[in-house]
Amino acid sequence: MALAVFLVFSVTGSAHAQTVQTGILPEGPAQPEAVQTDPFKSFPSISTPPKMPKLNSFSPIVPSQATQGPTTRDVRLDALLKDKGGVVEQGLTWRVFSPIPGSDGKLPLVATSQGGSAAFQLVPGEYFVNVAFGRAGATRKIRVAETGAFERQVLVLDAGGVTLNAVSGADVRIPQAELSFSIFSSDVKEDGERALVVADVKPNTVVRLNSGTYHVVSNYGSVNAVIRADIQVEAGKLTEATIQHRAAKLTLKLVAEPGGEAIADTAWSILTASGDVVSESVGAFPTLVLAEGDYSAVARNNEKIYQRDFTVTAGVNAEVEVLLSNTAAQPGAQGESAAAANAQD
């Protein structure tokens, strides 16, 4: 089953966002067929666990040094992506900590487990249990009593996931190697910056996050094709978002005639319509991605300068040829003319 979700995008320029389809995770054991189509199993994932959150101190019952033996109790742990959702069967990292800080000020790690539900044998006492699902996580204090029933512990992650992709223009596919995304917190700090959540996210990668709004920055190439968008992550759902870039890929060539061979050892500068330099390179035919707009290509070869104005249209990849006849004002030319005029006087 899929749910259409309308994303609220905050974008620069004239960029647009596409409506996306969101997969829903199984609601519980009553729907075993949904587990087979778990959208979190369909993509590679970024699953680096988050840092252990700061914890409030309390008066603990200190467990003994041994963590297993005749005095231990069975402790079983489950995690849900959302309240009343299905049990998460993979992608979890469980950590159990002693509540007494060590000499380094950190809580000692007692036990760990990866996968789905976890089962530990712990001596009676109090512990902190942390479960991480990618960049999402939850922490709970538990008390293991010496006698009596110990109920299975269930932690609610309040987490979902997002996969990101992008197109150029209306629907021109962008090679994955030329795309990267960074995900930031939606909150703006006092200095105007946002907290980075995860950097250098590749397309079609599931990023597991706590539910909420995130600010996504999409980079196409390495010059100025940058789009920003706000994306909502919902608990128990996988959101697939496609961002639309208003940009194109261009190849620069200095040629003697249209369609001619590119001249080697050429230095290039790309200027905006306002005269700002956005890219500099050296080569016979450098390739770069530029945002939609008007530019000037300046080529330098054998101490001569050639120039051509051109326009970038979103989604239209093209070659920009600068002819040897497209000469610009040469360095020192105005000074030589003035000197000649003074000599005549």
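(A) Up close: the sheet that holds strand β25 (residues 318-323). The three strands lie next to each other as β22-β19-β25, forming an open sheet whose pairing is mixed. A single partner strand is all that each edge strand has here, and the edge strands are β22 (287-291) and β25. Recorded for the sheet is a direction-independent mean angle of 40° between the axes of neighbouring strands. Note: strand β19 (residues 247-255) against β25, six bridges, orientation parallel. By the bridge assignment, Lys-253 is partnered in β25 with Glu-321.

(B) Local environment of the pattern of salt bridges. Scanning all chains against the criterion turns up eight salt bridges. One salt bridge in this structure joins Glu-292 and Arg-246, with 3.4 Å as the shortest N-O distance. Highlighted residues: Glu-292 in the loop between β22 and β23 (293-301) and Arg-246 in the loop between β18 (237-245) and β19, separated in sequence by 46 residues. The exposure class of Glu-292 is partly exposed, given its relative accessible area of 34%. Take Arg-246: its relative accessible area is 25%, and that puts it in the partly exposed class. Each of Lys-253, Glu-319 and Glu-321 takes part in a single network of salt bridges with overlapping partners.

(C) Highlighting the nonpolar core. Judged by nonpolar contacts, the single largest core of 24 residues is most densely connected at Leu-92, Trp-94, Phe-120, Val-131 and Leu-157. What Leu-157 contacts, discounting residues up to four positions off in sequence, is Ala-79, Leu-80, Leu-81, Leu-92, Val-131, Phe-133, Gly-137, Ala-138 and Asn-210. Core analysis: the next-biggest nonpolar cluster, separate from the first, contains 23 residues, Val-198, Tyr-214, Val-216 and Val-289 among them.

(D) Seen up close, the packing of aromatic side chains. Tallied over the entire structure, the rule returns one aromatic pair. Between Tyr-295 and Phe-310, the aromatic rings sit 5.8 Å apart at their centres with planes inclined by 20°, giving stacked as the arrangement. Pair noted here: Tyr-295 is in strand β23 and Phe-310 is in strand β24 (residues 304-312), with a separation of 15 residues, a long-range link. Phe-310 matches Tyr-295 in its accessibility class, with the two residues each being buried.

Calculation notes
- Residues numbered from 1 in each chain as written.
- Predicted model: local features only at pLDDT ≥ 70, side-chain atom pairs only at ≥ 80, totals over all residues.
- Heavy atoms only, no water.
- Pairing = 2+ DSSP bridges.
- Helix = DSSP H or I, 4+ residues; strand = E, 2+ residues; numbered from the N terminus.
- Axes fitted to C-alpha atoms, helices over the stretch in contact; angles between N-to-C directions.
- Salt bridge = Lys/Arg side-chain N within 4 Å of Asp/Glu carboxyl O.
- Buried < 20%, exposed > 50% of the residue type's maximum accessible area, 1.4 Å probe, protein only.
- Core = buried A, V, L, I, M, F, W, Y, C linked by side-chain atoms within 4.5 Å.
- Contact = heavy atoms within 4.5 Å.
- Phe/Tyr/Trp six-rings, centres within 6.5 Å; stacked < 30°, edge-to-face > 60°.

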